[in-house]
Amino acid sequence: MATNNTAPAPVTRAAATEHLLYKTKPPGSLGALENWAEQLMVVQNTLRPKVDKARMLLFAADNGLAAGAEVSQYPRAVTREMLKNIASGGAAINCLCRAHGIELKVLDLGVDTDQQHQDVEHFRLLAHGSANPLEAPAMDGVTFSYAQSLGRKAFQAARNDGVQVLGLGELGIGNTAIASTLLGAATRRPATDVTGAGTGVTGPRYEAKCQAVTAVLAKWDTLIPTDSTARAGWSDVLRTIGDLEIVAMAAVIHEAAVYGGIVVVIDGFITMAALLYALLVWPDDVPAIVQVTLFSHLSAEAPAALMLETIVVAALERGAEKEVVAKWQEPIGRWGLRLGEGSGAALVIPLLRSAAAIAADMATFQGAGVSTEKTE
């Protein structure tokens, strides 16, 4: 007898939408859950998706901009102090992961400390964090490649462990200033448009933060592509003015797009900067990046709306379909969060479990004997 070796057809968004139409509910009545259920079905390539195993990847590092300019309300030492707090289970992300059954993996890429913590993976690519981009490139080519490789390995480890949903988070004093600088490079907008309060800076401290962003962009102006649609040059921008956490997270996102199977939940302003640069650095993989990523919330950081708009435009300019992008950016939570650490992503993962349950376990009209006829 001949065997049929034909692989099953991939689950398309249309097939996922049709699958939900037969569930015992009015069409679209579960709103966001239906959109997320469809995405889970497409990424996992099954009409019965699961979110049994979720993991949060939290990348931590210091950066030279925080050492060389007053860009935060808190001193640089808070990065290492918060790393210790997370290692001991006392931070917000620890509480949220425990509450929702999410595994937390912490990767120290360059926190300025010699202390080792149990349950933290210490790599220390640069002992004191990335360099000050006001003075020199944030990292050399070797460090840049290694930061990417650690992001890719973190994704592959999750894939090998059967993780179905990954959340992304970060820790590092001054990294909102880095994200603002990256947004400024991508938009050519002035510092006041791309810079928010971060940890809560106001008055002269906020002015100093904007001045630092302006100075970095001016120093590396000739490196930044003049056309936002440019398909080359963004890797050098990310290496020169980015930081270790954002580089690693961008690599996680790209690796997920290449291999599929796992939905990556984007947290706030800084992880959105990583998503933006994944789109810019790997333009040929933009449709796949859009397919595997999911926004958790819109940060209370003032330029977050501009960041989202820039991400959407970058995706459309690089081949993502308009209808797919429309679903990709909605729904998105607006809860006033601006903590980081992956906190927004951790809040959405339980909702993804609910979305998977709707797709996999909810009865159909026919199976439940429920009429689909409408009254006149």
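Residues numbered from 1 in each chain as written. Predicted model: local features only at pLDDT ≥ 70, side-chain atom pairs only at ≥ 80, totals over all residues. Heavy atoms only, no water.

You'll find the protein chain entered in an unreviewed UniProt entry as Nicotinate-nucleotide--dimethylbenzimidazole phosphoribosyltransferase, with Allomyces macrogynus given as the organism. Comment text from UniProt for the protein chain, heading Sequence similarities (unreviewed entry), reads "Belongs to the CobT family." Recorded in UniProt under Catalytic activity (unreviewed entry), the annotation for the protein chain is "5,6-dimethylbenzimidazole + nicotinate beta-D-ribonucleotide = alpha-ribazole 5'-phosphate + nicotinate + H(+)". (UniProt positions renumbered as here; feature names shortened; annotations may be inferred.)

With that settled, consider the side chain of Thr 143. Residue position: Thr 143 is located in helix H6 (residues 141-160). With residues near it in sequence (within four places) discarded, Thr 143 still touches Leu 125, Leu 126 and Leu 244. (Helix = DSSP H or I, 4+ residues; strand = E, 2+ residues; numbered from the N terminus. Contact = heavy atoms within 4.5 Å.)

Below, the discussion takes up the environment of Met 307. Here Met 307 lies in helix H14 (residues 304-317). Linking Met 307 and Ala 179, residues 128 residues apart in sequence, is a C-alpha distance of 9.5 Å. Setting aside residues up to four positions removed in sequence, Met 307 forms contacts with Ala 179, Leu 183, Phe 269, Met 272, Ala 273 and Leu 276.

Time to look at the state of the cysteines. If you walk through the whole model with that rule in mind, you get zero disulfides. Left unpaired, Cys 97 is separated from the closest cysteine sulfur, that of Cys 95, by 9.5 Å. (Disulfide = S-S within 2.5 Å.)

A large share of strand S4 (residues 165-171) lies buried, amounting to seven of its seven residues. Bridge count for strand S1 (residues 54-61) against S4 is seven bridges, and the pairing is parallel. Bridge pairing in S4 links Met 56 to Gly 167. Taken together, the three bridges between S4 and strand S5 (residues 263-266) define a ladder with parallel strand orientation. Of the residues in S5, the one forming a bridge with Gly 167 is Val 265. (Buried < 20%, exposed > 50% of the residue type's maximum accessible area, 1.4 Å probe, protein only. Pairing = 2+ DSSP bridges.)

As a further point, take the packing of helix H12 (residues 269-281) against H14. Two packed helices can be described by the angle between their axes and the distance between those axes. At a minimum axis distance of 10 Å, the contact between H12 and H14 shows a crossing angle of 20°. On the basis of the axis angle, H12 is roughly parallel to H14. For the pair H12 and H14, the crossing hand works out as left-handed. Contacts between H12 and H14 pair Phe 269, Met 272, Ala 273, Leu 275, Leu 276, Leu 279 and Leu 280 from the former with Ala 304, Met 307, Leu 308, Thr 310, Ile 311, Ala 314 and Ala 315 from the latter. Its residues placed into classes, the contact of H12 with H14 shows 13 nonpolar, one polar and no charged. (Axes fitted to C-alpha atoms, helices over the stretch in contact; angles between N-to-C directions. Parallel < 35°, antiparallel > 145°, perpendicular 65-115°, else oblique. Left-handed = near helix turned anticlockwise from the far one by under 90°. Nonpolar A, V, L, I, M, F, W, Y, C, P; charged D, E, K, R; others polar.)

Time to look at unusual backbone geometry. A cis amide bond links Glu 330 to the next residue, Pro 331, at an omega of 0°. Relative to the elements of secondary structure, Pro 331 occurs in the loop between helix H15 (322-328) and helix H16 (343-361). Despite not being glycine, Asp 119 shows a phi value in the positive range, around 70°. For Asp 119, the location among the structural elements is in the loop between strand S2 (103-110) and strand S3 (120-122). Residues other than glycine seldom take positive phi values, yet Arg 188 does so here, at roughly 60°. Residue placement: Arg 188 occurs in the loop between helix H7 (175-187) and helix H8 (191-194).

The relation between two aromatic rings is expressed through the spacing of the ring centres and the mutual angle of the planes. In this structure the tally under the stated criterion is two aromatic pairs. Measuring from centroid to centroid gives 6.1 Å for Trp 234 and Tyr 277, while their planes differ by 80°, and the two rings are edge-to-face. You can see Trp 234 sitting in helix H10 (residues 234-241) and its partner Tyr 277 sitting in helix H12, a full 43 residues away along the chain. Its relative accessible area of 1% is what places Trp 234 among the buried residues. Here the aromatic rings of Phe 295 and Trp 328 are separated by 4.9 Å at their centres, their planes lie at 45°, and the arrangement is tilted. Placement of the pair is Phe 295 in strand S6 (residues 293-295) and Trp 328 in helix H15, with a sequence separation of 33 residues. In this structure Phe 295 comes out as buried when scored by relative accessible area, which is 1%. (Phe/Tyr/Trp six-rings, centres within 6.5 Å; stacked < 30°, edge-to-face > 60°.)

Attention now moves to the sheet that holds S5. Ordered by their spatial adjacency, six strands build an open sheet running S3-S2-S1-S4-S5-S6, and the pairing between neighbours is parallel. Each end of this open sheet is capped by a strand with a single partner; those strands are S3 and S6. Across the sheet, the mean angle separating the axes of adjacent strands is 25° when strand polarity is ignored.

With that out of the way, let us pick up helix H1 (residues 13-21). Counting along an α-helix, one turn takes 3.6 residues, and residues three or four places apart therefore face a common direction. Among the residues making up H1, those that are buried are Ala 16, His 19 and Leu 20. What you see down the axis of H1 is that its buried residues fit within an arc of 95°, all on one side. Considering only its buried residues, H1 is in contact with helix H2 (32-44) and H16. (Arc of directions from axis to C-beta.)

Let's shift gears to the pairing of S2. Pairing geometry for S1 and S2, over seven bridges, is parallel. Bridged to Leu 58 within S2 is Val 106.

Quick look at the pattern of salt bridges now. Between side chains of opposite charge, a pair can form as their charged atoms come close. By the definition in use, this model includes 14 salt bridges. Residues Glu 38 and Lys 327 are paired through a salt bridge, measuring 2.9 Å at the closest nitrogen-oxygen approach. Of the two residues, Glu 38 is situated in helix H2 and Lys 327 in helix H15; the sequence distance between them amounts to 289 residues. Given a relative accessible area of 5%, Glu 38 falls into the buried group. A salt bridge links Arg 188 to Asp 221, with the nearest nitrogen and oxygen atoms 2.6 Å apart. Of this pair, Arg 188 sits in the loop between H7 and H8 while Asp 221 sits in the loop between helix H9 (203-219) and H10; the two residues are 33 residues apart in sequence, bridging distant segments of the chain. Residue Arg 188 is classed as partly exposed on the basis of its relative accessible area, which comes to 39%. Taken together, the salt bridges that share partners define one network made up of Arg 55, Glu 103, Lys 105 and Asp 161. (Salt bridge = Lys/Arg side-chain N within 4 Å of Asp/Glu carboxyl O.)

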